[in-house]
Amino acid sequence: MASSSSTAAIVKAPPGELPVTTIRSTSGWLPPRLGELWHERQLLYFLAWRDVKVRYAQTVLGAVWTIFQPLALMLVFTLAFRRIGKVETEGVNYAVFCLAGLTFWMFFSRAVTQGSDSLVANAQLVTKTSCPRLLIPLASITGALVDFAVGLAFFFVFAAIYGYWPSWRIIFLVPSLVLGLTFLVGIVLLLAPLNVRYRDVRQALPFLVQIWLFLSPVAYPITSLGPRWSAIVALNPLVGVIESFRWSLLGTPPPTAVQLASAIVIGLLAFGVGLTTFARAERTIADLA
Amino acid sequence: MTDVVIRADELGKRYRIRHAGPSTTLTESTRAAFARLRRRPPKSDFWALRNVSFEVRSGEVLGVIGSNGAGKSTLLKLLARITEPTEGVAEVRGRVGSLLEVGTGFHPELTGRDNVFLNGAILGMKRAEISRKFEEIVDFSGVEAFIDVPVKRYSSGMQVRLAFAVAAFLEPEILLVDEVLSVGDHAFQEKSLDRIHEVTRSGRTVLFVSHNMASLLRLCSRGMLLEQGTTSFEGPIEATVERYLSRRLSVHAGGELLEDIAREGTGTLRFRRVSVSSANGLEPRAGEPVIFTLELKADHPVSARELNLSIGIETRSGDRLVTLWNRFDPTQTIRAGLIQDGTVVTCTVPELPLRPERYLLTLYLDDAGDLVDFVPHQIEFEVMPTDFFGTSLLPSATQGPVLVRQQWRLGSSLEVAQLPEVGHGTQRAIP
């Protein structure tokens with residue numbers, strides 16, 4: 001057995017040099033185990049890669065589906081909001097304006113539904129292995145990011161056809177995405193363990209996300225709502241995210257300070273709460289999954 | 001002692017059971033939520049494991065024995081850090097690899113190659129390590145020709161072989177293994193057992209859970225017997241196995257099964273009484289007709305939709321020899337119907353081709369796929385000797401347990417090759 005030589009060396013090392021793990025009951029709030037996550041980053045990659053690969057296995061069109069969905073929605077919205085609703089889009093072509101919002105939205109809705117369901121979908125990993133639980137929802141989000149990249153590439157082509165080329169503002173694409181990810185990761189980490197306990201989450205979520213789409217400035221600019229709604233608008237962190245995302249892509253008006261502050265504060269809050277509740281829930285999740 | 005690599009001190013794990021069962025759909029949970037407003041569902045505590053203390057030294061192979069529900073798997077889950085103990089402490093020195101299931105994370109849509117990498121990563125191997133061992137893994141599994149085909153096109157045997165092969169090349173300092181050797185055909189099981197044996201000889205510490213006494217005896221040096229969540233015996237593996245076997249409920253004609261023996265299933269029906277007897281109600285005899293009689297207990301009459309009843313006969317080391325199943329009976333008399341308390345099921349075997357020996361029974365009952373009652377190898381019965389061949393000879397213990405009638409001849413090659421036409425009267429005379 002040639003392969004055992006490497007381990008034999010490890011075994012021969014004095015036992016004192018081996019890592020010692022203490023297994024005991026813990027209670028209360030603990031810091032999330034981020035070191036563990038870094039150590040297992042390869043597994044994160046493998047799980048995300050599996051998600052992407054499996055999604056397009058045995059589909060004829062493969063990744064075309066990723067661009068087809070926002071495209072189809074864009075056509076419907078053009079009809080409903082532009083032709084019938086006469087929405088004004090800051091001087092930008094409606095189709096391009098709408099597709100920019102939908103490109104982000106498709107990513108967000110897919111990541112939030114799949115991420116929240118990830119622990120249940122991977123129950124085997126939870127109950128039969130000790131892999132860091134945090135990896136599972138994060139890998140799910142990472143898989144959705146790959147689709148997002150494809151969707152974004154398609155958006156650039158589509159926008160170019162209509163004569164919209166990236167400006168210097170494109171450098172703010174990454175910060176606005178990070179802003180969206182902060183919030184996204186937070187709610188996924190909050191919902192994923194909850195879904196293990198109450199499967200109601202997986203029933204309610206797709207529906208809520210659909211409502212959320214219409215409450216967010218995806219198919220219309222936030223300015224078209226008028227000042228009366230501004231208080232409610234400020235509570236939706238995605239307003240700031242989508243407005244800054246679209247600003248970086250198309251040069252539409254940037255988000256207001258209130259919208260941006262809301263996105264940052266609520267995003268960080270969700271992130272913090274998600275991470276700490278997850279660290280607390282993950283310890284007993286194997287008993288419920 | 002410095003070479004202790006696992007030290008468990010008073011480990012315990014408690015589960016809370018809500019009798020209503022977890023509600024997993026919206027309507028169910030809404031209804032449950034309203035019910036909860038009025039009255040908390042009854043909860044009860046169940047200690048899957050309690051006061052378990054032991055030490056394992058470096059290079060030792062500890063066999064963990066116990067009937068179903070004794071806490072073996074819970075113990076492994078605690079040591080593998082899948083779930084936390086409720087009380088107690090364990091200290092583990094070195095990297096732990098756990099093999100609680102083969103093929104965790106295997107995805108049917110991915111190719112064999114993809115799955116090897118994915119599963120390897122899940123088991124804790126680094127990508128470079130998997131690449132290095134890839135050839136060996138594929139070679140061991142014997143599915144080289146299909147390695148780039150999606151796993152869903154594999155036979156279940158091939159899937160399991162590939163999955164085990166990945167696990168077989170896992171090399172942590174401490175390996176936790178739960179009953180995974182019972183996969184694949186016999187030849188592959190032998191190969192897997194050899195592989196685990198090799199691993200143990202290379203100085204790794206192994207905790208091994210199995211129902212198969214033969215493999216426990218072969219692999220382990222020490223044994224620990226768990227009963228109802230606590231350690232009831234610890235010592236050399238031979239003594240532990242002996243102890244375990246002697247604890248089993250021994251049932252002969254008319255034996256009643258206790259309600260609290262290790263069993264699984266919904267329990268709407270329970271096996272209450274089992275007897276194994278000859279046609280005239282005496283002890284079963286080798287090569288003669290045998291009647292298995294199962295009496296069922298039902299708190300309420302159960303209207304069964306599609307009954308599956310099965311009786312397994314095993315050697316005392318747990319190897320399955322025979323499976324009797326109502327579906328194997330061409331007349332298909334037992335299918336569905338109302339089953340009341342005291343209903344008796346019989347299965348008659350015209351000839352029981354087993355050598356005189358003590359055997360174990362496993363009883364199984366499901367209704368349209370829902371497991372109702374399952375009592376794994378806890379009932380013992382003995383087959384009495386007869387002059388089966390009419391030669392006053394019977395196979396010895398090393399010659400295998402199965403009795404097969406046989407005819408031997410001597411003649412020219414052509415005639416020997418001719419099969420005797422049994423049952424059709426005219427047999428060729430030997431010149």
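Residues numbered from 1 in each chain as written. Chains lettered and ligands numbered in written order. Predicted model: local features only at pLDDT ≥ 70, side-chain atom pairs only at ≥ 80, totals over all residues.

Trainee: Is there a simple way to think about the overall build of chain A in this case?
Mentor: Along its length, chain A carries 13 helices and one strand. Going residue by residue from the N terminus, the α and β elements of chain A occur as α-β-α-α-α-α-α-α-α-α-α-α-α-α. Within chain A, residue pairs in contact and separated by at least 24 positions form 81% of the contacts whose partners lie at least 6 positions apart. (Helix = DSSP H or I, 4+ residues; strand = E, 2+ residues; numbered from the N terminus. Contact = placed C-beta atoms within 7 Å.)

Trainee: I tried to follow the confidence of the model for chain B on my own but got confused; where do I start?
Mentor: The predicted coordinates ought not to be read in detail in places where the model reports low pLDDT. Residues and elements named next belong to chain B. Mean pLDDT for chain B: 82, with 84% of residues reaching 70 or above. Counting contacts from residues 423-431, a segment whose pLDDT is below 50, to residues more than four positions away or on other chains yields seven contacts. Overall fold confidence (pTM) sits at 0.71, and the ipTM for the predicted complex is 0.81. (pLDDT = per-residue confidence, 0-100.)

Trainee: Looking at this structure, I do not really get the nonpolar core. What am I missing?
Mentor: One recurring pattern in soluble globular proteins: nonpolar side chains tend to sit buried together. Residues Val188(A), Leu79(B), Leu207(B) and Phe208(B) are the most contacted members of the largest nonpolar core, which totals 135 residues. Ranked by the residues each element gives to this core, the list is headed by helix H5 (residues 94-121) of chain A, at 14 residues. Residues contacting Phe208(B), with those up to four places away along its chain left out, are Val61(B), Leu62(B), Gly63(B), Val64(B), Val177(B), Leu216(B), Leu219(B) and Cys220(B). (Core = buried A, V, L, I, M, F, W, Y, C linked by C-beta atoms within 7 Å. Buried ≥ 20, exposed ≤ 12 C-beta atoms within 10 Å, placed from the backbone.)

Trainee: Help me understand the sheet that holds strand E15 (residues 320-325) of chain B in this model?
Mentor: Sheets are built from strands that pair by backbone hydrogen bonding, the pairs being arranged parallel or antiparallel. Residues and elements named next belong to chain B. Spatial ordering of the open sheet is given by E15-E14-E18-E19, a layout of four strands whose pairing is antiparallel. The sheet is open, and its two borders are formed by E15 and strand E19 (370-383), each paired with just one other strand. The average angle at which neighbouring strand axes cross in this sheet is 20 degrees, direction not considered. Alignment of strand E14 (residues 307-314) against strand E18 (residues 357-367), held across eight bridges, turns out to be antiparallel. Residue Ser310 lies in a different strand from E18, and its bridge partner there is Tyr364. (Pairing = 2+ DSSP bridges. Axes fitted to C-alpha atoms, helices over the stretch in contact; angles between N-to-C directions.)

Trainee: Honestly, the confidence of the model for chain A in this entry has me stumped. Any pointers?
Mentor: Across chain A, pLDDT averages 87, with 94% of residues at or above 70. Contacts for the low-pLDDT stretch residues 1-16 of chain A, under 50 throughout, to residues beyond four places or in other chains number 20 contacts.

Trainee: Is there a simple way to explain the sheet that holds strand E9 (residues 230-236) of chain B in this structure?
Mentor: Residues and elements named next belong to chain B. In space, the six strands of this open sheet follow the order E5-E6-E7-E3-E8-E9, with mixed pairing throughout. Edge positions in the sheet fall to strand E5 (96-99) and E9, since each has one partner strand and no second. For this sheet, the mean inter-axis angle between neighbouring strands, taken without regard to orientation, is 15 degrees. Here strand E6 (residues 174-178) runs beside strand E7 (residues 205-209); their pairing, made up of five bridges, is parallel. Paired with Ile174 across the strands is Thr205, a residue of E7. Most of the contacts of helix H2 (residues 72-79) go to E7, to which it runs at about 150 degrees, and overall it touches strand E3 (61-65), E5, E6, E7 and strand E8 (222-227).

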